[in-house]
Amino acid sequence: MLKCRTVWRKLAPLAKSSSTLCRQNVRRAGLNNGRTPVCVPAAHMSSGPVGGGGDNLKYALLVGAVSVGGLVYAVVTMKSDQKRYEQRIEELSTRPQKTSTKPTAAQIQSEPPAVPEDQPAAAPSIEEPSPPAEVEAPKEETVPETTTPPVADSTPVSLKLPAHAPYLLIGGGTASFAAARSIRARDPGAKVLIVTDEPDLPYMRPPLSKELWFSDDPAVTDTLRFKQWNGKERSIYFQPPSFYIRPEDLDGAENGGVAVLNNRKVVYMDVRGNKVKLDDDTEISYDKCLIATGGIPRNLQLIERAGEEVMKKTTLFRKIEDFKSLDKVSRNVKSVTIIGGGFLGSELACALGRRSTESGLEVIQMFPEKGNMGKVLPEYLSNWTTEKVKKEGVKVLTEALVKSVTCKDDQLEIKLKDGRVVTTDHIVAAVGLEPNVDLAKSAGLEVDSDFGGYRVNAELQARSNIWVAGDAACFYDIRLGRRRVEHHDHAVVSGRLAGENMTGASKPYWHQSMFWSDLGPDVGYEAIGIVDSSLPTVGVFAKATAKDTPKAATEMSGTGIRSESETEDTAVSPVASDTPSPAAENKDDFGKGVIFYLRDKVVVGIILWNVFNRMPIARKIIKDGEEHADLNEVAKLFNIHED
């Protein structure tokens, strides 16, 4: 119809000009014959050749021809338009439901009554995929509502993700959760997105090698709930699922929230563009970003080169899935060998050793040092700890350097450099942690060559709008110099501070983080600062009582995660005990005590051996950085000689 109008607009001026020309010629002919113009048309047209009658006839024929031609053109154009219209309707009806929505219906309704037969042809094409909608066909706006859910379900998950996150946290561990909680505390409406390659919500790692192994619940691998040494039960997760919002709902969250995107890994950072790319090519931009990627368990190169069969029988312990896997293995094999004598190796050895008394599982621990935790504890205390581990049912092989590992007859054969051979069913490699700095290259971030990890300033900032916390951060300690710490308390404190600074706090990192380790419910210690057995040490010990155990400590603090009872407050002028130190201590009785680590005669590290809830005092001693003439007097600050 629109084209018909266009044709008419083109023909109308031509017809008008022809009619005007005809009238002018008639007037001209009348003047030439001296007659009145009014009578000229009738007289001349009846006589034919008289005057200007022949010309008038030509003009009349011309006008008639033009009119007929215009009418024919209009009819042909209308038929052609009608045909193309029908073809378009047919094409739309064959398209998927998503495309044949309101615009097509609007076009149908806008057609004039001249083509009413086309409306029924168009209506079924819209309503066919959704029969119930036929009753409400006049309400065209209901069509998108009935077709949207199926389209959303078939859309790739990546399209649901927010394209922008004001606060983007890379990594789903303790540091990220602490940062998220800190951000929300300072900015209640903040929208925080945590991206993690793990399938789980943020959780605490310490119980994986401690309390979970001592649970009496056979379904502990499913519930991941455990009893602390004080008997109270709690979950390994920081918060239940209801605490978080879905990633696809983050944009529309009026009051903000924390969303966790699981099973996704950030593989590229565009620092200038303030955006990241995920492993499925999804791009997410950010205003502020935290890198808290933690670390990756190290493995022995000789195990990696030993082949697939050996690797299948080797566990690198780090995540929930590793705990579940090792728990299953330990119930189905006869022998497990732990390589490594540090915190993790010794904790797992004691945990599995306790199980060996019930199931007959053989537990072997081997390491190159002379005793358990030989890189941390002074030799005399390391040897005492080794005897304690043996009493837990563990066969300990000291000064053991692995030469090769092979698989024979479905068992692993471990050859040591001194000729000893150990046959076992499964290996747990607990030989340290490698900081995850995979994003350093694409982000252009500096990695410390001595300690590893991303180098950050005192505010934990690596570059503008980028902070780093947890195991992956190599920070500058105002007292002890540049360091990198791999412990729970450091993850909590550094994550919390990074979150504050991401919201504009600009606070330096001065907190001396602590760490702890438990060798079962009866022996445990807390440490702070630089604890390296290569440093000079001074130990002051006393006889332990029933309250000097990890179990008693949790009963007093109410939590098994002892760093949760810690604050950033330093001890306020602690008063030393008036109880005199015993004149002589049994050198073989290390029930409880304090070990001071010295550098240039200044205390740089402290271990509280079965002494709990005294960490603020130790923190203040290190912060003061003073020389002490008699560390026995300093030890009195911890009241270790009181019953």
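Definitions and cut-offs
Residues numbered from 1 in each chain as written. Predicted model: local features only at pLDDT ≥ 70, side-chain atom pairs only at ≥ 80, totals over all residues. Heavy atoms only, no water. Helix = DSSP H or I, 4+ residues; strand = E, 2+ residues; numbered from the N terminus. Buried < 20%, exposed > 50% of the residue type's maximum accessible area, 1.4 Å probe, protein only. Contact = heavy atoms within 4.5 Å. Areas by Shrake-Rupley, 256 points an atom, 1.4 Å probe, with all protein chains shown as cover. Pairing = 2+ DSSP bridges. Axes fitted to C-alpha atoms, helices over the stretch in contact; angles between N-to-C directions. Left-handed = near helix turned anticlockwise from the far one by under 90°. Nonpolar A, V, L, I, M, F, W, Y, C, P; charged D, E, K, R; others polar. Phe/Tyr/Trp six-rings, centres within 6.5 Å; stacked < 30°, edge-to-face > 60°. Right-handed = clockwise from strand over helix to strand, strands pointing away. Patch = residues over 30% accessible without salt bridge, like charges linked within 9 Å, V, L, I, M, F, W, Y side chains within 5 Å. Salt bridge = Lys/Arg side-chain N within 4 Å of Asp/Glu carboxyl O. Lys, Arg positive; Asp, Glu negative; His and termini not counted. Charge placed at Lys NZ, Arg CZ, Asp CG, Glu CD. Expected span 1.5 Å × (residues − 1). Core = buried A, V, L, I, M, F, W, Y, C linked by side-chain atoms within 4.5 Å.

Engineer: Give a detailed account of the overall build of the chain, specifying residues and quantitative values.
Structural biologist: Assigned secondary structure in the chain consists of 18 helices and 28 strands. Residues counted as buried form 48% of the 643 residues belonging to the chain. Of the contacts made within the chain by residues no fewer than 6 positions apart, 68% connect residues no fewer than 24 positions apart. Total accessible area on the chain is roughly 31,800 Å²; 52% of this is exposed by carbon and sulfur atoms.

Engineer: Outline the sheet that holds strand β11 (residues 335-339), listing residues and values.
Structural biologist: Ordered in space as β10-β17-β11-β12-β13, the five strands form an open sheet in which the pairing is parallel. A strand with exactly one partner marks an edge of an open sheet, and here the two such strands are β10 (314-316) and β13 (394-397). Sheet twist, expressed as the average angle between the axes of neighbouring strands with direction ignored, equals 20°. Across the sheet, helix α13 (residues 379-391) touches β12 (362-366) and β13, and the angle it forms with β13 is around 145°.

Engineer: How would you explain the packing of helix α7 (residues 174-186) against helix α15 (residues 488-502) if you had to name every residue and give the values?
Structural biologist: In the contact formed by α7 and α15, the axes pass within 7 Å of each other and the chain directions differ by 35°. The handedness of the crossing between α7 and α15 is right-handed. Here T174, A175, A178, A179, S182, I183 and R186 of α7 lie close against α15, whose contacting residues are H488, A491, V492, G495, R496, G499, E500 and M502. Class assignment of the residues belonging to the contact of α7 with α15 gives a composition of seven nonpolar, five polar and three charged.

Engineer: Could you give me a rundown of the sheet that holds strand β26 (residues 537-542), with the residues and numbers involved?
Structural biologist: Taken in spatial order, the five strands make up an open sheet running β24-β25-β28-β27-β26, and their pairing is antiparallel. Whereas interior strands pair on both sides, the edge strands pair on one side only; in this sheet they are β24 (514-518) and β26. Within the sheet, the average angular offset between the axes of one strand and its neighbour, ignoring direction, is 15°.

Engineer: Pulling in residues and values, what's your account of the packing of aromatic side chains?
Structural biologist: With the rule as written, the count across this model stands at 14 aromatic pairs. Ring geometry for F243 versus Y244: centroids 5.0 Å apart, planes at 85°, classification edge-to-face. Centroid distance F343 to F515: 5.2 Å. Interplanar angle 75°. Geometry classified as edge-to-face. Taken together, the positions of F343 in helix α12 (residues 343-359) and F515 in strand β24 put the pair 172 residues apart, joining distant regions of the chain.

Engineer: How would you sum up the pairing of strand β2 (residues 191-195)? Please name residues and give values.
Structural biologist: Working note: regular strand, side chains alternate between the two faces of the sheet. Summarising burial for β2: four of the five residues are buried, a large majority. The sheet contact formed by strand β1 (residues 164-170) and β2 spans four bridges and is parallel. The partner of Y167 across the bridge, within β2, is V192. Crossover connection from β1 via α7 to parallel β2: handedness right-handed. Sheet topology places β2 next to strand β5 (residues 257-261); five bridges connect them, and they run parallel. If you follow V192 over to β5, its bridge partner there is V258.

Engineer: Now, about a negative patch on the surface: what can you tell me, with residues and values included?
Structural biologist: Among the surface-exposed residues, D216, D217, D222 and E358 lie close enough to one another that they form a single negatively charged patch. Relative to the helices and strands, D222 is located in helix α8 (residues 220-223). Residue class for D222 comes out exposed when judged on its relative accessible area of 63%.

Engineer: Report on unusual backbone geometry, specifying residues and quantitative values.
Structural biologist: Even without being glycine, D409 reaches a positive phi, approximately 55°. Position of D409 relative to the elements: it lies in the loop between β14 (402-408) and β15 (411-416). If you check the backbone angles, N465 has positive phi at about 70° while not being a glycine. The exposure class of N465 is partly exposed, given its relative accessible area of 21%.

Engineer: Account for α15, naming residues and giving values.
Structural biologist: Because each turn of an α-helix spans 3.6 residues, side chains separated by three or four positions in sequence point in the same direction. The end-to-end C-alpha separation of α15 is 21 Å, in line with the 21 Å expected for 15 residues at 1.5 Å each. Across the 15 residues that make up α15, a large majority, 14, are buried. One or two residues past the end of α15 sits G504, with phi positive at roughly 100°.

Engineer: Kindly report on the pattern of salt bridges, identifying the contributing residues and their values.
Structural biologist: With the rule as written, the count across this model stands at 26 salt bridges. Two residues, E486 and R484, come together in a salt bridge whose shortest N-O distance is 2.7 Å. A relative accessible area of 17% places R484 in the buried class. Residues participating in the shared-partner salt-bridge network are R246, E248 and D249.

Engineer: Hey, could you go over the pairing of β12 for me, with residue numbers and the actual values?
Structural biologist: Among the five residues of β12, four are classified as buried, and the element is accordingly described as predominantly covered. Alignment of β12 against β13, held across four bridges, turns out to be parallel. Pairing of I364 across the sheet is with K395, part of β13. With α13 bridging β12 and its parallel neighbour β13, the resulting β-α-β unit is right-handed.

Engineer: If you had to explain the nonpolar core to someone new, which residues and values would you point to?
Structural biologist: Buried together is how nonpolar side chains tend to be arranged in soluble globular proteins. Residues M269, I606, I607, W609 and F638 are the most contacted members of the largest nonpolar core, which totals 125 residues. Excluding anything up to four places from it in sequence, M269 contacts I170, K275, V276, Y286, C289, I291, L439, S442, A443 and I466. Within the second largest apolar cluster, 15 residues are counted, among which are L302, I364, I414 and I427.

Engineer: So what's going on with the side chain of S346? Residues and values would help.
Structural biologist: Mapped onto the secondary structure, S346 falls in helix α12. Not counting residues up to four positions away in its chain, the partners in contact with S346 are G341, Q365, N372, M373 and L519.

Engineer: Got a sec to walk through α7? Specific residues and values, please.
Structural biologist: Compared with the 18 Å implied by 1.5 Å per residue over 13 residues, the 19 Å span of α7 between its first and last C-alpha is a close match. Buried residues belonging to α7 abut β1, β2, β5, β8 (283-291) and α15.

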